[in-house]
Amino acid sequence: MTSSSSPSQDNKRFAHAYPEGLRADALMEEDVAWSLDTDGDRDGDQFDRSERAALRRVAGLSTELEDVTEVEYRQLRLERVVLVGVWTSGTAQDSENSLAELAALAETAGALVLDGVIQRRDKPDAATYIGSGKADQLRDIVLETGADTVICDGELSPGQLIHLEDVVKVKVIDRTALILDIFAQHAKSREGKAQVALAQMQYMLPRLRGWGQSLSRQMGGGKGGGLATRGPGETKIETDRRRIREKMAKMRREIAEMKTGREIKRQERKRHKVPSVAIAGYTNAGKSSLLNRLTGAGVLVENSLFATLDPTVRRAETPSGRLYTLADTVGFVRHLPHHLVEAFRSTMEEVGESDLILHVVDGSHPAPEEQLAAVREVISDVGATGIPEIVVINKADAADPLTLQRLMRNEKYSIAVSARTGQGIDELLALIDAELPRPSVEVEVLVPYTHGQLVARAHADGEVISEEHTAEGTLLKARVHEELAAELAPYVPAPLV
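Looking at an unreviewed UniProt entry, one finds the protein named GTPase HflX and attributed to Streptomyces phaeoluteigriseus. Taken directly from UniProt, the Subcellular location (unreviewed entry) text for the protein runs: "Cytoplasm".

## Side note on the confidence of the model for the protein
Model confidence for the protein is summarised by a mean pLDDT of 77, while 75% of its residues fall at 70 or above. The model gives residues 26–32 a pLDDT under 50, and that stretch makes three contacts with residues more than four places away or in other chains.

## Notes on a positive patch on the surface
A cluster of basic residues, R243, K247, K250 and R253, forms a positive patch at the surface. In this fold, R253 is placed in helix α11 (residues 236–271). Since its relative accessible area comes to 52%, R253 is described here as exposed.

## Considerations on the nonpolar core
Counting 87 residues, the largest nonpolar core has L83, L138, F332, L358, V392 and L428 as the members making the most contacts within it. Contacts of V392, omitting those with residues within four sequence positions, involve L290, L358, H359, V360, V361, I415, V417 and L428. Counting residues in each nonpolar core, the second largest holds 13 residues, with V443, V455, A458 and L476 among its members.

## Quick look at empty space enclosed by the protein
Over the atoms, a rolling probe the size of a water molecule traces out where space has been left empty. For the coordinates displayed, the defined rule picks out one cavity of 30 Å³ or more. In terms of lining, the largest cavity is formed by K273, P275, R322, L323, P437, P439, A460, D461, G462 and H481. Of the residues contributing to the lining of the largest cavity, the split by class is five nonpolar, two polar and three charged.

## A closer look at unusual backbone geometry
Located in the positive-phi region is Y129, a residue other than glycine, with phi close to 75 degrees. Locating Y129 in the fold gives a position in the loop between β3 (111–120) and α7 (132–145). Residues other than glycine seldom take positive phi values, yet K395 does so here, at roughly 60 degrees. Along the polypeptide, K395 turns up in the loop between β10 (389–394) and α16 (401–410).

## Things to note about the packing of α7 against helix α8 (residues 158–168)
Where α7 contacts α8, the two axes come as close as 8 Å, and the packing angle between them is 50 degrees. As summarised for this structure, α7 and α8 are arranged oblique, according to the angle between their axes. Considering only the axes of α7 and α8, their crossing is right-handed. Of the residues in α8, those in contact with A135, D136, L138 and R139 of α7 are L164, V167 and V168.

## Concerning the environment of D148
Take D148: it is sitting in the loop between α7 and β4 (149–152). Residue D148 is classed as partly exposed on the basis of its relative accessible area of 35%. C-alpha of D148 to C-alpha of R80: the two residues are 68 residues apart in sequence and 5.6 Å apart in space. Among residues more than four places away in sequence, those in contact with D148 are E79, R80, V170 and K171. Among the polar contacts made by the side chain of D148, one reaches the side chain of T149 at a distance of 3.1 Å.

## What about the sheet that holds β10?
Read from one edge of the open sheet, six strands run β7-β8-β6-β9-β10-β11, paired in mixed fashion. A single partner strand is all that each edge strand has here, and the edge strands are β7 (312–317) and β11 (414–416). Across the sheet, the axes of successive neighbouring strands diverge by a mean angle of 25 degrees, strand direction being ignored. Bridge count for strand β6 (residues 276–281) against strand β9 (residues 356–362) is five bridges, and the pairing is parallel. From the neighbouring strand, A278 faces β9, where its bridge partner is I357. Seen against the sheet, helix α15 (residues 368–381) touches β6, β9 and β10 and runs at an angle of roughly 145 degrees to β9.

## Side note on the environment of E165
Relative to the elements of secondary structure, E165 occurs in helix α8. For E165, a relative accessible area of 18% translates into the label buried. There is a polar contact of 3.1 Å between the side chain of E165 and the backbone nitrogen of V172.

## Notes on helix α17 (residues 425–435)
Considered for burial, the residues of α17 that qualify are I425, L428, L429, I432 and D433. Angularly, the buried residues of α17 cover 140 degrees about the axis, an arc narrow enough to put them on a single face.

The rules behind the values
Residues numbered from 1 in each chain as written. Predicted model: local features only at pLDDT ≥ 70, side-chain atom pairs only at ≥ 80, totals over all residues. Heavy atoms only, no water. UniProt positions renumbered as here; feature names shortened; annotations may be inferred. pLDDT = per-residue confidence, 0-100. Contact = heavy atoms within 4.5 Å. Patch = residues over 30% accessible without salt bridge, like charges linked within 9 Å, V, L, I, M, F, W, Y side chains within 5 Å. Areas by Shrake-Rupley, 256 points an atom, 1.4 Å probe, with all protein chains shown as cover. Salt bridge = Lys/Arg side-chain N within 4 Å of Asp/Glu carboxyl O. Lys, Arg positive; Asp, Glu negative; His and termini not counted. Charge placed at Lys NZ, Arg CZ, Asp CG, Glu CD. Helix = DSSP H or I, 4+ residues; strand = E, 2+ residues; numbered from the N terminus. Buried < 20%, exposed > 50% of the residue type's maximum accessible area, 1.4 Å probe, protein only. Core = buried A, V, L, I, M, F, W, Y, C linked by side-chain atoms within 4.5 Å. 1 Å grid on protein atoms, 1.4 Å probe; cavity = no way out; pocket = protein on both sides within 12 Å on 5 of 7 lines; lining within 4 Å. Points joined across faces, edges and corners; volume = space filled by probe spheres on them. Nonpolar A, V, L, I, M, F, W, Y, C, P; charged D, E, K, R; others polar. Axes fitted to C-alpha atoms, helices over the stretch in contact; angles between N-to-C directions. Parallel < 35°, antiparallel > 145°, perpendicular 65-115°, else oblique. Left-handed = near helix turned anticlockwise from the far one by under 90°. Polar contact = N/O pair within 3.5 Å; in protein donor to acceptor, adjacent residues only side chain to side chain. Pairing = 2+ DSSP bridges. Arc of directions from axis to C-beta.

Okay, here's the thing in structure tokens:
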């Protein structure tokens, strides 16, 4: 049997051990709170402690509508959303920029942003993304604002979606679902719609929810039924998954067929030795505006994210008269869902097969370096790392001069332009002309006037250095490709004796 002392005996021993003046301090020693005087020098600044203790609101994220007609229209169609982010690394400004971008994505998708909060954590909570206590606080914010949707700044697992919805009692979606919704709204071509549908089904497959056994059917088998032949069978959710897998296989076949047509066109351009330039960059950086400025393509230009999804290829000409193709590609964004990267891989091959990449970055953006890093990560995923790159800093008319100087100092091959005003466009065209691959063979020939098509091909596919019309024919000095050089070989003038 063990003996235990009574509380009164413990108090007597405690009073005997400590003098009267130290008794109060000793009694409070275990429960004393952290204070600046006693612990400030030892522990330093305790910013993390306060950040972990509360959801920190991000100011300036609510959507502002001024026009009455716009207000009435949006009341009919827009969801009212609250944004939630988890700050795991980087600075507070980085996390706020990421949430501000999520707000822009939500508005592009057709949502009314009411509020935005950030939770400081080492890593997202495995159950509710932000933790059970903060999920309760989020529910209070949803009730206070009247929101009907919560958007999380990250990709949530199926379990996180279910648990967070159970707490906040409204629909919860993540960043991936939001971007897929924007792509579904903006896809116009048959290929674009197929690629978006494939990405949506890839995202939806592990997140299906059903009624489980209540919608199951019997297993069957055996003549007239019998023992061990009746069971749950194939449930409704399993049927849905099988149908989605069948649709995904069909979509992949269709995309592969459409990819063949684009490859044929690309091979035709290669056969004629036409250089290709691909415009890549962050969404809303001004890629379509730059394409219109360089070629007059007439592509849709809109101040919104992912305004254009379908790649556009246009013919262009350098100041020296060389022909090349200019391709506008889908815009990128940080944490671009891998479902989209896989689905749009055939479209992004325009970047991987090009001779030169114009990497467009928004010079007026608060963090242009982050845009550059996000785009280069996707470019690396599609295997286009070895292609020459020119960093085109767009919107120079609205950018901070110090930001432009910093970018041009850090990026060796860069140029500042404004697709809206035309600033720097002539210099960009000259830079493209200098960076495009040049024909490998230099020839000097006297082409008879009866073979003028060879001279025309030298102008179209090569680089004419000098041209002189004589009585015998056209005296031509040019750089051409090997095939054309072989055809021009019979017309090399004989050396003078």
